[in-house]
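Each chain, written out:
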There are 2 protein chains.
Amino acid sequence: LPVEAMARASQAALDGFGSTMLEYGVNAGPPLLLNWLRKRLVELEGGEVASDQIIVTAGNSHALDLLITLFTQPGDVVLVESPTYHLAIRVLRDHPVELVTAPADEDGIDVERLAALVQQLNREGKRVRALYIVPTFNNPTGLSLSDERRRQLVELAATEGILILEDDVYRELAYDAPAPPSLWQMAPEGAVARMGSFSKTLAPGLRLGFLTASRQIVARIVDCGLLDSGGGVNHFTACCVAALCEIGDYTLQVERLRATYRSRRDALLGALQERLPGEYRWPTPAGCFFVWLRLPAGMDSSRLLDVACANGVAFVPGRRFYLDGNGASHMRLAFTLYTEDQLADAAQKLGQAIRLLTPCP
Amino acid sequence: LPVEAMARASQAALDGFGSTMLEYGVNAGPPLLLNWLRKRLVELEGGEVASDQIIVTAGNSHALDLLITLFTQPGDVVLVESPTYHLAIRVLRDHPVELVTAPADEDGIDVERLAALVQQLNREGKRVRALYIVPTFNNPTGLSLSDERRRQLVELAATEGILILEDDVYRELAYDAPAPPSLWQMAPEGAVARMGSFSKTLAPGLRLGFLTASRQIVARIVDCGLLDSGGGVNHFTACCVAALCEIGDYTLQVERLRATYRSRRDALLGALQERLPGEYRWPTPAGCFFVWLRLPAGMDSSRLLDVACANGVAFVPGRRFYLDGNGASHMRLAFTLYTEDQLADAAQKLGQAIRLLTPCP
């Protein structure tokens, strides 16, 4: 984590911004940070972001919370990708909306079946208002939705008046090739709110992110009670990060993380290949922090967890990433926080745990 | 605003906390800050705060938003003190609850009439779930609720299962005598969530505050989706402020503000006395930032505002502080951001504006 860069940045920010850094911030966020983000997004995705299509947020969890508060009514259906980031489900559950699993196959959300589901829900008198999805380097699978499905999805959303809540937190951590453009970039105005974050690129403790959406959506957020009362969210930290980005430490840090995480991913995949031969399957994550491992049929990752923990290795069981109890045969392995030696050791311990739990033939 | 103190503090924090300052923070907030707050609250109010009765928040606007999200159901009635902080009303209006004015007289909320209103709402089949109030140095009136009414109010809340959302943002800015203990300190467990903030004592741009409530309420917040996903809110800033408090700069800053604001209040009150003789009335604010001025009968502060602005002085018209269109004859004057000379000049300009609008006898 970039402790020295943040120390330089906070000093530079307090020198440069002075007391404006401690006053109520502009509701949309510090213009210096917003302008830097707009340039960065052009580098990453190509398309322009207008100055009134972006705001600073207090991280993606808070952005999601705010979007649900402002853009849903009680009883609305919010569709949830499956599998998906398990703690986003918990944020959604704190609101009076009905969560429904969006149909998916191994390549991610299945838009044709989704369209049929939306029709069915509409016939039941339900209003399908939003869809939460991590289409780029999905958490937990690491997979990105294909270009064709992306186009189908944003078209469906625009036709049906569904707001896509695009969690785009891993865009910068692309290990093999640049990430595909966001749903927001390709969607008609108003169909997508894309949530980006500094949590994975700089530090999660900053609680800082951004959101791109239509002018109308951004205007509604900028004018909401929370921002009207408090000014820009997380203004002090936003000013520090603006300085860090201007100094150039952001790009250095992201390049460093990409190289480190790529090596760690490869180390874990190699160790899994070696230690878990046979019937185990996992897609290669081209970005993000995780390997989504599928156990042989009949083996339950929740049961395996106890044995694995006793053996000194842990993971998140697959069920957590589904609304409906699916996912028993999957597990999510995280590789970014461990050295290559630790990952090799972990794969070996996981293999031992699996053998301990496997009945003799 | 304490720019140099924040520079010292952020440096000390990054030196002391190192990378833990950039990782996900403990959901309840940095223990160093929580412990400092608990000691400070004992100095201010006497009563102890247990370690599981307090959490760090991202300021009172966010605390209010979170409390409404987690502790109300759609359609619940939320009572609102009258007059009250106008932007809190805007935060509440972003949620699917019904806002109802709590009865009040010139001394603040009238608990006997409130009890009757709650009975009536219950008879109508409504669930009265919460009450928003600024009982200590009210915004906009500057008045504090009497001890007797405080006792009646917390008793009513406990009996009726109403959660009091106590906005306690001005406690430290007591100019004449220490502030009365919070409703939270005197209430039975579970009846009050008290929101405190660093916005008025250090800087609003920090977006940092705290909340004291029952163990059950604090546990629910600590376990909510937003904190489960994001960790402690505003962790980086919270660590900086923890360092600032430990260094001792908080108490120095508060003493400085109290002295400055007291002089400014006295300057404005003196100037108003001199420039607006006759039928004008205002209570002396023993704390907070405002003088709540009442115009002679028949004069509307919203109409006066245009004339006053043209004459170089502004205020917030009284209607904004009511749900129901009352308050036309009042206006809120803010004194903390101006020098004594500026305040004298403003009072003179306000007097001129009033004379311009007053019909010849």
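Since we're looking at a predicted model, the values are computed, not measured.

(A) View of the side chain of Glu81(A). Residue and element names in this part refer to chain A. Note that Glu81 resides in the loop between β2 (77–80) and α4 (86–93). From its side chain, Glu81 meets the backbone nitrogen of Val134 in a polar contact 2.8 Å long. In terms of polar contacts, Glu81 uses its side chain to reach the side chain of Asn138, at 3.2 Å. Ignoring any residue separated from it by four or fewer positions in sequence, one finds Glu81 in contact with Ala102, Leu131, Tyr132, Ile133, Val134 and Asn138.

(B) Broad picture of the packing of helix α11 (residues 249–275) of chain A against helix α13 (residues 340–357) of chain A. All names here are of chain A. The interhelical angle for the contact between α11 and α13, taken along N-to-C directions, is 30°, at an axis separation of 9 Å. Comparing their axes, α13 and α11 come out roughly parallel. Relative to α13, α11 is oriented so that their crossing is right-handed. Between α11 and α13, the residues in contact are Ser263, Arg264, Ala267, Leu268, Ala271, Leu272 and Arg275 and Glu340, Leu343, Ala344, Ala347, Gln348, Leu350, Gly351 and Arg355, respectively. For the contact of α11 with α13, the class distribution of residues is eight nonpolar, three polar and four charged.

(C) Spatial organisation of the environment of Thr136(A). All names here are of chain A. Secondary-structure assignment places Thr136 in the loop between β6 (128–133) and α6 (147–160). Thr136 sits in the buried class, given a relative accessible area of 0%. For the pair Thr136 and Cys288, spaced 152 residues apart in the sequence, the C-alpha separation amounts to 8.8 Å. Other than its neighbours up to four places away in sequence, Thr136 contacts Leu143, Ser144, Arg150, Asp168, Tyr170, Arg171, Ala179 and Pro180. Within polar-contact distance, the side chain of Thr136 engages the side chain of Arg150 at 2.8 Å.

(D) Layout of the interface of chain A and chain B. Listed as interface residues are 48 residues of chain A and, on the opposing side, 48 residues of chain B. Buried surface at the junction of chain A and chain B, summed over both partners, amounts to about 4,000 Å²; 60% is from carbon and sulfur atoms. On the chain A side of the interface with chain B, the three residues burying the most area are Leu22(A), Asp94(A) and Phe236(A), jointly 16% of the side's total. Applying the counting criterion to the chain A and chain B interface returns six salt bridges. Where the side of chain A that touches chain B is concerned, the elements lending two or more residues are α1 (3–17), α3 (60–71), α4, α9 (225–230) and α10 (235–247) of chain A. Of the residues forming the side of chain A that touches chain B, the biggest block, six residues, is contributed by α1(A). Of the residues that constitute the side of chain A that touches chain B, the class distribution is 23 nonpolar, 16 polar and nine charged.

(E) Expanded view of the packing of aromatic side chains. Tallied over the full model, the rule gives 16 aromatic pairs over all chains. The aromatic ring of Phe290(A) is capped on one face by Arg332(A), whose charged end is 3.7 Å from the ring centroid.

(F) Broad picture of unusual backbone geometry. Residue and element names in this part refer to chain A. The linkage connecting Asn139 with the following residue, Pro140, adopts the cis geometry, with an omega of 25°. Within the secondary structure, Pro140 sits in the loop between β6 and α6. Its identity is not glycine, yet Phe137 carries a phi of approximately 55°, on the positive side. In this structure, Phe137 sits in the loop between β6 and α6. Non-glycine residue Arg207 carries a positive phi angle of around 50°. Relative to the helices and strands, Arg207 is located in the loop between β8 (192–197) and β9 (209–212). Of the residues examined, Arg207 reaches a relative accessible area of 6% and is grouped as buried.

(G) Geometry of the relation of the copies chain A and chain B. If you rotate chain A by 180° and push it 0.0 Å along the axis, it lands on chain B with an RMSD of 0.0 Å. Taken together, the rotation and translation relating the two chain copies correspond to the operation of a two-fold axis. A share of 100% of the interface residues of chain A reappears at the interface of chain B, consistent with the copies meeting face to face through the same patch.

(H) Layout of the pairing of strand β7 (residues 163–167) of chain B. Residue and element names in this part refer to chain B. Taken across its five residues, β7 has five buried, putting it largely inside the fold. Bridging between strand β6 (residues 128–133) and β7 involves four bridges; their strand directions are parallel. When the sheet's bridge partners are listed, Tyr132 is paired in β7 with Leu165. Note that β7 and strand β8 (residues 192–197) share four bridges and pair parallel. Bridging across to β8, Ile164 finds its partner in Val192.

(I) Broad picture of the sheet that holds β9(A). Residue and element names in this part refer to chain A. Pairing is mixed across the open sheet formed by seven strands, whose spatial order is β1-β9-β8-β7-β6-β2-β3. Single-partner strands in this sheet number two, and they are β1 (54–57) and β3 (98–101). For this sheet the average axis-to-axis angle between neighbouring strands, irrespective of direction, equals 25°. In the packing of α6 onto the sheet, the strands contacted are β6, β7 (163–167) and β8, and the crossing angle to β7 comes to about 140°.

(J) Layout of the confidence of the model for chain A. In this model, chain A carries an average pLDDT of 95, and 99% of its residues clear a pLDDT of 70 or more. Model confidence for the complex is summarised by a pTM of 0.96, with the ipTM given as 0.95.

(K) Spotlight on the pattern of salt bridges. Under the definition given, this model contains 52 salt bridges over all chains. Between Arg258(A) and Glu172(A) there is a salt bridge; the shortest N-O distance is 3.3 Å. Taken together, the positions of Arg258(A) in helix α11 and Glu172(A) in the loop between β7 and α7 (183–186) put the pair 86 residues apart, joining distant regions of the chain. Where Asp110(B) meets Arg113(B), a salt bridge forms, and the shortest distance between an N and an O atom there is 3.5 Å. Under the relative-accessibility criterion, Arg113(B) is labelled partly exposed at 45%. Three or more residues are tied together by salt bridges with common partners; here these are Arg40(A), Glu43(A), Glu172(A) and Arg258(A).

Rules of the game
Residues numbered from 1 in each chain as written. Chains lettered and ligands numbered in written order. Predicted model: local features only at pLDDT ≥ 70, side-chain atom pairs only at ≥ 80, totals over all residues. Heavy atoms only, no water. Helix = DSSP H or I, 4+ residues; strand = E, 2+ residues; numbered from the N terminus. Polar contact = N/O pair within 3.5 Å; in protein donor to acceptor, adjacent residues only side chain to side chain. Contact = heavy atoms within 4.5 Å. Axes fitted to C-alpha atoms, helices over the stretch in contact; angles between N-to-C directions. Parallel < 35°, antiparallel > 145°, perpendicular 65-115°, else oblique. Left-handed = near helix turned anticlockwise from the far one by under 90°. Nonpolar A, V, L, I, M, F, W, Y, C, P; charged D, E, K, R; others polar. Buried < 20%, exposed > 50% of the residue type's maximum accessible area, 1.4 Å probe, protein only. Buried area = accessible area lost by both parts, 1.4 Å probe. Salt bridge = Lys/Arg side-chain N within 4 Å of Asp/Glu carboxyl O. Phe/Tyr/Trp six-rings, centres within 6.5 Å; stacked < 30°, edge-to-face > 60°. Lys NZ or Arg CZ within 6 Å of the ring centre and 35° of its normal. Least-squares fit on C-alpha atoms with pLDDT ≥ 70 in both. Pairing = 2+ DSSP bridges. pLDDT = per-residue confidence, 0-100.

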